[in-house]
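A structural walkthrough
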Amino acid sequence: MNAEHSVPNDPSARRLRLSGLIRKEFLQIRRDLSSIAIAFLLPIVLLIIFGYGVSLDARHERVGLVAENPGPETADFFSGLQGSEYFQPVTFSDQRAAKAALNRRQISAIVRLRSDFSRQSLSGQSAPINVVVDGVDANTARLVSGYLQGVWAGWLQRRLDERAIESTQSVLMQQRIWFNPAVRSRDYLVPGLIAVIMTLIGALLTAMVVAREWDRGTLEALMATPVSVGEVLIGKLVPYYLLGMGGMALSIGMAIFLFEVPLRGSLWVLFVTGSLFLLAALGMGLFISIIAQNQFLSGQVAIITTFLPAFILSGFIFDIDSMPVAVQSFTYLIAARYFVAILQTVFLAGNVWEVIIPNALALALMALVFLTLAARRMPRRLG
Amino acid sequence: MLYAMLGLLKKEFLALFRDKKSRFVLIGPPLIQLLVFGYAASYDLNRVPIAIYNEDSGSASRELIARFTGARAFREAGRITRQSGIAEFINPKKALLVLHVEREFTRDLSKRKPASIQLIIDGRNSNTALIALNYAQTILADFNRSWTAQQRLEKPSARLEIRAWFNPNLNSQWFIVPGIIGLLTLVVTMLVTALEVLIGKALPGVLIGLVEASFIVLMAVYWFQVPFVGDVAALYLGIILFVVSTVGVGLMISSLAATQQQGLLGAFLFIVPSIILSGFATPIANMPEAMQTLTLLIPLRYFLVIVRGVMLEGIPLPLLADQYWPMAVIGLVNLGLAAWMFRRRLY
């Protein structure tokens, strides 16, 4: 030990020590293949589940139709529903049967035309169309009522056209949905999902690595060697950074080639911002791992602080602008928030620098803070 | 026997709560997450930025615009004076949508010609875009109704009267907060079971899951004011079966894992698809058939139907039988397998 005291600090010795540390980490990765599974299996499983399984577009929604006095007028109105791809109509003979079906969740809405519907609508009175939607899932309920409004407006227009009368619907709305005109929810879910997956990978890969050394007592062995704290951290970061970027490349490739999400911006922007994000995520994982001091706790903290916040607070599914101000300020602490904004913009809108630059700077700052904290809290001697 | 069990239980609890950091992990984060997620996870739009591009100087357009900017869902982000300004607001996300009223708007309306407005919406999050469109349609329908009444125009031959059952104001918190009961119970229960290597212990996981779920139910009712119209027994049978089946899966993962990292990976591989495929945030009915079949393996899926059904709709216990028995089966199969695996590993 004493002979080693004159620690050689010239660049070549440092390089040697660093490459040794990196090799050791790679050996450890090879021994427990779960790191490789985290980097490559996790993205594949999650992207396939999300890409194919998740859709917010309510299609073929089952709707109960009740005509208390069926006739040409009611059939004409219902034909609009039957022709729509949003609905899968089911006819009921009376309201009671329809209500029972709604209670059993077999249908999500009831459209009821009362017995005097034909008479009223022909005589120039406004005939009421009673709609009941199942409000338990408020989002679907709102989408269903929006689609029903569309069917209703189309029906009114058709009748007026038949009678060659100008519209009584005074103002018409033309809508254009930019960046995703077909409103494919997959096109925004898949890019956002890459941020969620990378959050998981970053934290999972590193949450264990220092804690493992604590548990096994190998940290003491490391401290006895002439390596510096910075070298230990870099030795831990490089292998997991490479693994993580591999996972990200795989995810982006799947998004483009398997899910056919358009990429309107540049790949290099994704590479640079992805690196910043990964450094922040790895830095956070290392920090957790150093603070927790054992794998059990470190794993618990990683589960709690990564997936759910990235899922709910990143703007990936839920709109951040609509959250209460106090909760909005909380979202600034979530690195995924910045990366989701970048990913959705670069994929669907292109290189919009007003979005990319501030979010990339925020990621860089988070990476810097977490890595500095990790270096500071890394134990230098046994306490 | 009972005495020995009680002693064992006490020991487990002491072991779990002895470590100050562990204690914090089990109590602090669920509370914080419940409060933050309960308010954050919502599909309702609230003060979303809208930019106005008004080329018309008439009074009708001013009235229409006031209806938009005054709505709770929107807040005015700015005014635009030329076509290129639309991209300047939408691209950098300064506005989610732009309302464009053309020059002839008031003139057309007063001549009883159909007038049109344009709505340009940022589709980067297409679900938010659709919801915003929906709000806009409602505002416009209100405007049309009052305009028709004012001008004594011919009434439309039918009108829609929409009511929502179980949640009349379509408050999505009522849907999401009961979902969070399932989410956090799942996570905490997995934390205490799947990460333990080699030591199969079901009781602490079950007890912690029960305490956690009860606490969040109380918070949902008394803090978030989610209605509870059903039967407490129907909910508790659901909670018990859900916790037991989750503990079963957790112990199964723990029995398969050779290292804690593998246990952690297994926990994630179960938690993440569970939450995504359970119907927590996206309806199961929208999924393709194959995925819908896959969801049958997920205990959370059944629990969400129970907790929402009991709290919001008051579905009685017998009608929920189809939700109870799959969880019981999942729980028993996994507990049995885990027990068998642990025994094999010990000898």
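Residues numbered from 1 in each chain as written. Chains lettered and ligands numbered in written order. Predicted model: local features only at pLDDT ≥ 70, side-chain atom pairs only at ≥ 80, totals over all residues. Heavy atoms only, no water.

**Digging into the side chain of Ser42 of chain B**
Note that Ser42 of chain B resides in the loop between helix H2 (20–40) and strand S1 (48–54). Judged by relative accessible area, which is 17%, Ser42 of chain B ranks as buried. A polar contact of 3.2 Å, which involves the side chain of Ser42 of chain B, links it to the side chain of Ser172 of chain B. Discounting chain neighbours no more than four positions away, the residues touching Ser42 of chain B are Phe318 of chain A together with Ser172 of chain B. (Helix = DSSP H or I, 4+ residues; strand = E, 2+ residues; numbered from the N terminus. Buried < 20%, exposed > 50% of the residue type's maximum accessible area, 1.4 Å probe, protein only. Polar contact = N/O pair within 3.5 Å; in protein donor to acceptor, adjacent residues only side chain to side chain. Contact = heavy atoms within 4.5 Å.)

**Considerations on the sheet that holds strand S5 (residues 158–165) of chain B**
Strand order in the open sheet formed by five strands is S2(A)-S1(A)-S3(A)-S4(A)-S5(B), with mixed pairing between adjacent strands. Two strands in the sheet have a free side with no partner beyond their single neighbour: strand S2 (87–92) of chain A together with S5 of chain B. Adjacent strand axes in the sheet meet at a mean angle of 25 degrees when their direction is disregarded. Alignment of strand S1 (residues 61–67) of chain A against strand S3 (residues 109–113) of chain A, held across five bridges, turns out to be parallel. Pairing of Gly64 of chain A across the sheet is with Ile110 of chain A, part of S3 of chain A. With respect to the sheet, helix H6 (residues 138–162) of chain A is in contact with S1, S2, S3 and strand S4 (127–134) of chain A together with S5 of chain B, its orientation differing from that of S5 of chain B by roughly 170 degrees. (Pairing = 2+ DSSP bridges. Axes fitted to C-alpha atoms, helices over the stretch in contact; angles between N-to-C directions.)

**Side note on the UniProt feature "transmembrane region" (unreviewed entry) in chain A**
All names here are of chain A. Mapped onto this numbering, the UniProt entry gives "transmembrane region" (unreviewed entry) at residues 33–54, 188–211, 238–259, 266–291, 297–318, 330–350 and 356–375. Between the end C-alpha atoms of residues 238–259 there is a gap of 30 Å, over a span that is 95% helix and 0% strand. The annotated region residues 266–291 carries 96% helix and 0% strand content, and the separation between its end C-alpha atoms amounts to 38 Å. (UniProt positions renumbered as here; feature names shortened; annotations may be inferred.)

**Considerations on helix H8 (residues 209–216) of chain A**
One turn of the α-helix equals 3.6 residues, which is why residues spaced by three or four share an orientation. Among the residues making up H8 of chain A, those that are buried are Val209, Val210, Ala211, Arg212 and Glu213 of chain A. Of the residues flanking the end of H8 of chain A, it is Gly217 of chain A, one or two places downstream, whose phi is positive at about 75 degrees.

**Describing unusual backbone geometry**
One non-glycine residue, Phe179 of chain A, adopts positive backbone phi at about 70 degrees. With phi around 70 degrees, Phe166 of chain B is a residue other than glycine that occupies positive phi space. As for its position among the elements, Phe166 of chain B is in the loop between S5 and helix H7 (173–193).

**Thoughts on the environment of Gly85 of chain B**
Residues and elements named next belong to chain B. Position of Gly85 relative to the elements: it lies in helix H4 (residues 85–90). Judged by its relative accessible area of 6%, Gly85 is buried. Taking the C-alpha atoms as reference points, Gly85 and Val98, 13 residues apart in sequence, are found 9.7 Å from one another.

**Overview of the pairing of strand S4 (residues 115–122) of chain B**
Among the eight residues that make up S4 of chain B, seven are buried, leaving the element largely enclosed by the rest of the structure. Two strands pair when backbone bridges link them, and strand S5 (residues 171–178) of chain A and S4 of chain B are joined in this way by eight bridges, in the parallel orientation. Each bridged residue has a counterpart across the sheet, and for Leu172 of chain A the counterpart in S4 of chain B is Ser116 of chain B. Where strand S3 (residues 97–101) of chain B and S4 of chain B come together, five bridges link them in antiparallel fashion. The partner of His100 of chain B across the bridge, within S4 of chain B, is Gln118 of chain B.

**Some points on the packing of aromatic side chains**
The geometry of an aromatic ring pair is captured by the separation of the ring centres together with the interplanar angle, meaning the angle of the planes. Residue and element names in this part refer to chain B. With the rule as written, the count across this model stands at 19 aromatic pairs over all chains. Seen in terms of ring centroids, Tyr39 and Phe224 are 5.0 Å apart; in terms of plane orientation they differ by 50 degrees. Their pairing is tilted. Here Tyr39, found in helix H2, pairs with Phe224, found in the loop between helix H8 (203–222) and helix H9 (232–256); they are 185 residues apart in sequence, far enough to count as distant. Among the residues examined, Tyr39 registers a relative accessible area of 32% and is labelled partly exposed. (Phe/Tyr/Trp six-rings, centres within 6.5 Å; stacked < 30°, edge-to-face > 60°.)

**A look at a nonpolar patch on the surface**
All names here are of chain A. On the surface, Trp268, Phe271, Val272, Trp353, Ile357 and Leu361 cluster together to form a nonpolar patch covering roughly 650 Å² of accessible area. Among the secondary structure elements, those contributing two or more residues to the nonpolar patch are helix H11 (267–292) and helix H16 (353–377). With respect to the secondary-structure elements, Phe271 resides in helix H11. A relative accessible area of 49% places Phe271 in the partly exposed class. (Patch = residues over 30% accessible without salt bridge, like charges linked within 9 Å, V, L, I, M, F, W, Y side chains within 5 Å. Areas by Shrake-Rupley, 256 points an atom, 1.4 Å probe, with all protein chains shown as cover. Salt bridge = Lys/Arg side-chain N within 4 Å of Asp/Glu carboxyl O.)

**Observations regarding the interface of chain B and chain A**
Taken together, the contact between chain B and chain A spans 113 residues of the former and 117 residues of the latter. With both sides pooled, the region where chain B packs onto chain A buries about 10500 Å², and carbon together with sulfur makes up 66% of that total. The largest per-residue losses of area from chain B upon contact with chain A belong to Arg124, Trp165 and Gln261 of chain B, which jointly make up 8% of the total buried on that side. In this structure, Arg142 of chain A engages Asp44 of chain B in a salt bridge whose closest nitrogen and oxygen atoms are separated by 3.3 Å. (Buried area = accessible area lost by both parts, 1.4 Å probe.)

**Here we look at the sheet that holds S4 of chain B**
Overall, mixed pairing links the five strands, which are arranged S5(A)-S4(B)-S3(B)-S1(B)-S2(B) in an open sheet. Strands with a single pairing partner mark the edges of an open sheet, and in this sheet they are S5 of chain A together with strand S2 (74–80) of chain B. With strand direction ignored, the average angle separating the axes of adjacent strands in the sheet is 25 degrees. Where S1 of chain B and S2 of chain B come together, six bridges link them in parallel fashion. Directly across from Val48 of chain B, in S2 of chain B, lies its bridge partner Phe74 of chain B. In the packing of helix H3 (residues 59–70) of chain B onto the sheet, contacts are made with S1, S2, S3 and S4 of chain B, and the angle to S1 of chain B comes to roughly 170 degrees. Of the strands in this sheet, S5 of chain A together with S2, S3 and S4 of chain B touch helix H6 (residues 126–151) of chain B, which is tilted by about 170 degrees from S5 of chain A.

**Observations concerning the environment of Leu371 of chain A**
All names here are of chain A. Locating Leu371 in the fold gives a position in helix H16. Using a relative accessible area of 22% as the deciding quantity, one classes Leu371 as partly exposed. Along the chain, Leu371 and Val209 lie 162 residues apart, while their C-alpha atoms are 15 Å from each other. Among residues more than four places away in sequence, those in contact with Leu371 are Leu233, Leu237, Leu279 and Gly283.

**Remarks on the pairing of S1 of chain B**
A regular strand carries its side chains on alternate faces of the sheet. All names here are of chain B. Among the seven residues of S1, six are classified as buried, and the element is accordingly described as predominantly covered. As a crossover connection, the stretch from S1 through H3 into S2 is right-handed. Of the strand pairs in this sheet, S1 and S3 are connected by five bridges, and their pairing is parallel. The partner of Asn54 across the bridge, within S3, is Val101. (Right-handed = clockwise from strand over helix to strand, strands pointing away.)

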